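# Observations on the model geometry
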Amino acid sequence: METDNRKGGDLNAKAETLRRSSAATAQRNLITIPRHADGSPRYARGWHMVGWSDEFPQGEPVPRDYFGMRLAFFRGEDGKIRCLDAFCPHLGADLSAGKVFGNELQCPFHNWQYHGDTGKCVKIPYCASIPAKAKTRAFKTLEINDTVLIWFDPEGGEPDYDILPLEDFNAKGWTKGWRRFQITIKTHPREVIENTVDKGHLLPIHGYDVDTWLPVWDGHMTGELMWGKHTRLAADAQDDKLYVRSLTFGPAYQYTWQTQDSKMFDSAILTAWCPIDESTIEYWFGVIVKANADNFPPEHLEAAAQGYCEASYQAFMEDVYIWERKLYRPEPTLCASDGPIAKLRRWYSQFYTDRAQVDTRLFHNSNKKWTVHDLRDNMQAVLAEQET
């Protein structure tokens, strides 16, 4: 019994040490994050997920805290989700505590009403003349794959890229709706995106022994194609291999497809993240599965999907443990097999740079076209193209 107590004490002490270590590195990490000239944190330009569709019921304002701001979301009478800077330009009341009227949001303090598309005040119940400055910031919104996104741009510009819906979502043969998780992580988004090309961590962290790894570059998109033996996500047959295709749209929305040599089942994974503040992100994770009917009867498919989702999520949590405790190295010491981390950082910097200064000509190849099944069934063609 005494031994068990000592072990418990040792584990608690270790956990406390790691917690203190994470806090100690936070200030050093803040020194290296992108900032505006006035010293305030700069957040990435692009589409960012802010929640699942069912979290935004019609006719009810929904508060969310992202980009160091309070945002007021609401689904209008036409079914469209709108987003406004939540603080009323009148006397600063929180619009997310107000009421929805049609496609407008009413302030809870003096009942001023703001149009959800423009942010302009359209009604003051006790005054016929509306001040020209009576306007709050309105954000473009997008609803795809049962997820809600907003366009954030510190320069105030219009969206300059699209995110296409995931074709497999709710398609025939696939499980319906996401098996989903959500987590708040104490880190900066740059740590998440860097995993896209960090092939060196796949074996020690995830048990994925990669045979071949290929990058994807396409302007605002990046990603990876890879295959190899996985001890958890592709262990259904002897020497079964896992094939992975991942595409990231902009700084914060990602699709990943997976299949195996054994052809037991395919999976499609959605991962997305949004900064709450300069050192905290919200992260969403969803999985759908399409199983081989010979191996998984329909009545077993749901259980298989949930099991695969949980296994994938546990693999993801292995990254979270590292992210929350690591120090960001602006000039890391890299080796030849690390993957193009330096190039990824240059690609990622475009979303923190004024548009007039962005040059994406270095970020293009043709690897985006290959499907995850091409990697498995047409491997020689994929490899031959890399040589040319």
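Above: the structure in question.
Let us look at the structure shown here. Source: prediction; values computed, not measured.

Thresholds, definitions, all that
- Residues numbered from 1 in each chain as written.
- Predicted model: local features only at pLDDT ≥ 70, side-chain atom pairs only at ≥ 80, totals over all residues.
- Heavy atoms only, no water.
- Buried < 20%, exposed > 50% of the residue type's maximum accessible area, 1.4 Å probe, protein only.
- Helix = DSSP H or I, 4+ residues; strand = E, 2+ residues; numbered from the N terminus.
- Pairing = 2+ DSSP bridges.
- Axes fitted to C-alpha atoms, helices over the stretch in contact; angles between N-to-C directions.
- Phe/Tyr/Trp six-rings, centres within 6.5 Å; stacked < 30°, edge-to-face > 60°.
- Lys NZ or Arg CZ within 6 Å of the ring centre and 35° of its normal.

## A short note on the pairing of strand 4 (residues 81-85)
Across the five residues of strand 4, five count as buried, placing the element largely inside the fold. Residues Ile81, Cys83 and Asp85 of strand 4 are buried on one face, and the alternating residues Arg82 and Leu84, pointing to the opposite face, are buried as well. Summarising the sheet, strand 3 (residues 69-75) and strand 4 pair through five bridges and their orientation is antiparallel. Bridging from a neighbouring strand, Phe73 pairs with Cys83 of strand 4. The antiparallel hairpin formed by strand 3 and strand 4 contains five residues in its connecting segment, where Gly79 sits at a positive phi of about 90°. Sheet topology note: the strand 4/strand 9 (residues 138-139) ladder contains two bridges and is antiparallel. By the bridge assignment for strand 9, Leu84 is matched with Ala138.

## Description of the sheet that holds strand 11 (residues 147-152)
Strand order in the open sheet formed by three strands is 1-11-10, and the pairing between neighbours is antiparallel. Lying at the two open borders of the sheet, with one neighbouring strand each, are strand 1 (46-52) and strand 10 (141-144). For this sheet, the mean angle separating the axes of adjacent strands, direction not counted, is 30°. By the bridge criterion, four bridges tie strand 10 to strand 11 in an arrangement that is antiparallel. Following the sheet pairing, Ile144 is matched in strand 11 by Thr147.

## A look at the packing of aromatic side chains
Scanning all chains against the criterion turns up 24 aromatic pairs. With a centroid separation of 5.7 Å and 70° between ring planes, the pair formed by Tyr253 and Tyr255 is classed as edge-to-face. You'll find Tyr253 and Tyr255 in the same group, each marked buried. Linked through ring pairs, Phe181, Trp273, Tyr283, Phe285, Tyr313, Phe316 and Trp323 together constitute an aromatic cluster. The aromatic ring of Trp257 is capped on one face by Arg245, whose charged end is 4.6 Å from the ring centroid.

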